[in-house]
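Below are the chains, spelled out letter by letter.
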Amino acid sequence: YISMPLGYHFLSTQFPNRYLKKFTILNYIISIIMALGLFFLPFIFTQFVPYYQLIYFLFLFLGFGYLIYFVYKKLQGSKLLFSGFTIMLLTAINDLLYTNQWIDSFYLSHYGLAFLIFSQSLSISIRLSKAFNSIENLTEDLRLVNKAYSRFVPKEFLNFLIKDVDYTEFLF
């Protein structure tokens, strides 16, 4: 019950959107209510499973729609997450159809979830790598700017402020 709200939580942190955040909260509430049903007798609990499957299916398509929108807007990492979410959606559809005995298959959603997690981790690592490269470039730019400023500010003034320290050494 917790995989869907966590997936929405991840989407809302990767691609900030106020509507997506509201659906994430709603998803948490529904999942907590369903998880509390586990404390009842199996006869009572199993009566609500088809309803949760329908809600789960609707939330999957809603998340899929948001990812299509993010790919359309060309947000960073959206194509990779779209591919992972597509595999997850297809395996979840397979499991729902198999559980309701509409097709003869086997459970695949654990493979879809593994692929989704892999695509999410790959997306995060690419984003982190780009951020690291950006920090390196900005550090070099700052070093050059500080070096240029040190030509215009008299050394006696810098020595008066901080004794025996060169202004360009503050970066490192």
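Every chain's residues receive numbers from 1 upward, in the order its sequence appears when written. The predicted origin of the model limits local features to residues at a pLDDT of at least 70 and limits the giving and counting of side-chain atom pairs to 80 or more, whereas totals for whole chains, interfaces and linings rest on all residues. Computation of side-chain values: all heavy atoms of the structure, hydrogens and water removed.

> When you look at the environment of Lys-22 in this model, what are you seeing that I'm missing?
Mapped onto the secondary structure, Lys-22 falls in helix α2 (residues 18-36). Counting along the chain gives 14 residues from Lys-22 to Tyr-8, while the straight-line C-alpha distance between them is 10.0 Å. Helix and strand labels come from DSSP, where a helix needs a run of H or I of at least four residues and a strand needs a run of E of at least two; each type is numbered from the N terminus.

> How do you make sense of the nonpolar core when you look at a structure like this?
Grouped burial of nonpolar side chains is what soluble globular proteins tend to show. As used here, the term nonpolar core means buried Ala, Val, Leu, Ile, Met, Phe, Trp, Tyr and Cys residues forming a set that is joined through side-chain atoms within 4.5 Å. When accessible area is computed with a 1.4 Å probe and restricted to protein chains, residues below 20% of their type maximum are described as buried, those above 50% as exposed, and intermediate ones as partly exposed. By size, the foremost hydrophobic cluster in this structure holds 22 residues, and its most contacted members are Met-4, Tyr-56, Leu-60 and Leu-67. At the level of secondary structure, the elements contributing two or more residues to this core comprise α1 (3-14), α2, α3 (42-72) and α4 (78-99). Here this core takes eight residues from α3, the largest share from any one element. Contacts: residue pairs with any heavy atoms within 4.5 Å of one another. Ignoring anything within four residues of it in the chain, the contact list for Met-4 reads Asn-27, Tyr-52, Tyr-56, Phe-59 and Leu-60.

> What exactly am I supposed to notice about the packing of aromatic side chains here?
When we look at a pair of aromatic rings, we describe it by the centre distance and by the angle of the planes. Two rings from Phe, Tyr or Trp (for Trp, the six-membered ring) form a pair when their centres sit within 6.5 Å of each other. Planes less than 30 degrees apart are called stacked, planes more than 60 degrees apart edge-to-face, and all others tilted. Applying the stated criterion across every chain, the model contains eleven aromatic pairs. When the centroid spacing of 6.5 Å and the interplanar angle of 80° are considered together, the rings of Phe-23 and Phe-59 count as edge-to-face. Of the two residues, Phe-23 sits in helix α2 while Phe-59 sits in helix α3, which places them 36 residues apart along the sequence. Phe-59 sits in the buried class, given a relative accessible area of 8%. Ring geometry for Tyr-69 and Phe-70: centres 5.8 Å apart, planes at 55°, overall tilted. Judged by its relative accessible area of 41%, Tyr-69 falls in the partly exposed class.

Without other data, these values stay purely geometric and don't point to any function.
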